Amino acid sequence: MQITVTITEPTMNKSYDIQVDNKQRIKTTLKVLSENIQGLENWGKAHGVRIKNSGRQISGDVTYEEADIYTGMELTVMIKREG
């Protein structure tokens, strides 16, 4: 099933509404976005997302379905810090 979510990164002033299959792994989405949108290269290093409304942190290794992420949810990318 296709879902539409809004995804942002805290240091950026941009957000993206994306449509993905709910069986896709979150890290796959982040990798594809990092490879295809200029300025999002760090998203490939993300370790997961945080659901904006609940604050719940979700590993990038799970699918949207496994994480109970549905259409309309807003996600914030969590980038691994170097060092």
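Not measured: the values here are computed from a predicted model.

Undergrad: I tried to follow the overall build of the protein chain on my own but got confused; where do I start?
TA: A count of helical and extended segments in the protein chain gives one helix and five strands. Compactness check: the protein chain gives a C-alpha radius of gyration of 12 Å against a globular reference of 12 Å for 83 residues, within 12% of the reference. Along the longest, intermediate and shortest principal axes, the C-alpha atoms of the protein chain span 35 × 25 × 25 Å. Evaluated residue by residue, the protein chain yields a buried proportion of 36% over its 83 residues. Of the accessible surface of the protein chain, which amounts to about 5300 Å², a share of 45% is contributed by carbon and sulfur atoms.

Undergrad: Quick question: what am I supposed to make of the environment of Pro10 here?
TA: Relative to the helices and strands, Pro10 resides in the loop between β1 (2-8) and β2 (15-21). Sequence separation of Pro10 and Ile79 is 69 residues, and the distance between their C-alpha atoms is 9.4 Å. The contacts of Pro10, once residues within four sequence positions are left out, are Thr76 and Val77.

Undergrad: So what exactly am I meant to see when it comes to the environment of Gln24 here?
TA: You can see Gln24 is positioned in the loop between β2 and α1 (26-36). Apart from the residues within four sequence positions on either side, Gln24 is in contact with Thr29, Val62, Thr63 and Tyr64. At a separation of 2.7 Å, a polar atom in the side chain of Gln24 contacts the side chain of Thr29.

Undergrad: How should I be thinking about the environment of Thr28 in this particular structure?
TA: Residue position: Thr28 is located in helix α1. Judged by its relative accessible area of 33%, Thr28 falls in the partly exposed class. Considered as a pair, Thr28 and Val62 are 34 residues apart in the sequence and their alpha carbons are 9.8 Å apart.

Undergrad: How should I be thinking about the pairing of β2 in this particular structure?
TA: Looking along a regular strand, one sees the side chains alternate between the two faces of the sheet. Of the two faces of β2, only one is covered, namely that formed by Tyr16, Ile18 and Val20; the face formed by Ser15, Asp17, Gln19 and Asp21 stays uncovered. Here β1 runs beside β2; their pairing, made up of seven bridges, is antiparallel. Note that in β2 the partner of Ile7 across the bridge is Tyr16.

About the cut-offs
- Residues numbered from 1 in each chain as written.
- Predicted model: local features only at pLDDT ≥ 70, side-chain atom pairs only at ≥ 80, totals over all residues.
- Heavy atoms only, no water.
- Helix = DSSP H or I, 4+ residues; strand = E, 2+ residues; numbered from the N terminus.
- Rg over C-alpha atoms; globule rule 2.2 N^0.38 Å.
- Buried < 20%, exposed > 50% of the residue type's maximum accessible area, 1.4 Å probe, protein only.
- Areas by Shrake-Rupley, 256 points an atom, 1.4 Å probe, with all protein chains shown as cover.
- Contact = heavy atoms within 4.5 Å.
- Polar contact = N/O pair within 3.5 Å; in protein donor to acceptor, adjacent residues only side chain to side chain.
- Pairing = 2+ DSSP bridges.

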